[in-house]
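# A closer look at the structure
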Amino acid sequence: MIAMYHKIDIVSPTIWWATPRNLLRHINELRRFEFVYLDDYDPANPRHVVLTFDDAYENFYHHAYPILKRLRIPFELFVIGDLIGEWNQFDDGEPLTRFAGMDQLCEIADGGGRVQWHSRSHPALHEVSDAQIDHELTVPDEIRAFFPVPHMRWFSYPFGLHDERSVGLARKKFAGAVSVVNGEPEDRWQLNRVLVHDRWSPPDKIIQ
């Protein structure tokens, strides 16, 4: 199972948020399984669990990263390259939220997290041109310099949406990619994820 989080803060105003208290509860309930990085994830292994966090918000740095570092839990953080340190303007109806800055991302990487790619500007890839898909999936050299391998090996499709063009390009540029519920559990470039919210409870048994 690959779990997908977004915002971690002391309040949980919408489905896209979870509190640190419930994140810790999730981790404790998942300890009967095995936490791994995406590079080590085997979809056929019912014991494997990956924690992923989309968008790389500053509240993740303040509220989730200390827990994950203290407990030595592997995790993947997907960053929007052109919005590092900026504010989220694309989620209508959501509280305005800031993305983590470069210094914070580097600290996260040094502390055991893996920083991965979530596009440059977070468009719905099925709605843009081939040239823009290529632009969005290309990690700038200056960012790769901050985050060498094992970072920047995985891609998360914005909004969990993809088409044949974006999947085909992801195969060329990344070691794998994650979707949401419309992925393919046996395709390394369309792996499904479970949306985690504040009231979520892990299953007793993982069925891939």
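So, here is what we can say about the structure in this document. (Residues numbered from 1 in each chain as written. Predicted model: local features only at pLDDT ≥ 70, side-chain atom pairs only at ≥ 80, totals over all residues. Heavy atoms only, no water.)

Tallied over the entire structure, the rule returns 10 salt bridges. Among the ionic pairs, Arg-193 bridges to Asp-54, the shortest N-O distance being 2.9 Å. Here Asp-54 lies in strand β5 (residues 48-55) and Arg-193 lies in the loop between β9 (176-178) and β10 (194-195), a separation of 139 residues in the sequence. For Arg-193, a relative accessible area of 3% translates into the label buried. For Asp-134, the salt bridge is made with Lys-173, and the minimal N-O distance between the two is 3.6 Å. In this pair, Asp-134 sits in helix α4 (residues 130-137) while Lys-173 sits in helix α6 (residues 164-173), placing the two residues 39 residues apart along the sequence. For Asp-134, a relative accessible area of 34% translates into the label partly exposed. In this structure Lys-173 comes out as partly exposed when scored by relative accessible area, which is 28%. Salt bridges sharing common partners tie together Asp-39, Arg-114 and Arg-153. (Salt bridge = Lys/Arg side-chain N within 4 Å of Asp/Glu carboxyl O. Helix = DSSP H or I, 4+ residues; strand = E, 2+ residues; numbered from the N terminus. Buried < 20%, exposed > 50% of the residue type's maximum accessible area, 1.4 Å probe, protein only.)

Looking now at the packing of aromatic side chains. Following the criterion strictly, the structure yields 11 aromatic pairs and no others. When the ring of Phe-155 is compared with that of Tyr-157, the centres are 5.2 Å apart and the planes differ by 85°; the resulting orientation is edge-to-face. Residue Phe-155 shares its accessibility class with Tyr-157, and that shared class is buried. The side chain of Arg-114 reaches across the aromatic face of Tyr-37, ending 3.7 Å from its centre. If you follow Arg-193 out to its NZ or CZ, it ends over the ring of Phe-78, 5.9 Å from the centre. (Phe/Tyr/Trp six-rings, centres within 6.5 Å; stacked < 30°, edge-to-face > 60°. Lys NZ or Arg CZ within 6 Å of the ring centre and 35° of its normal.)

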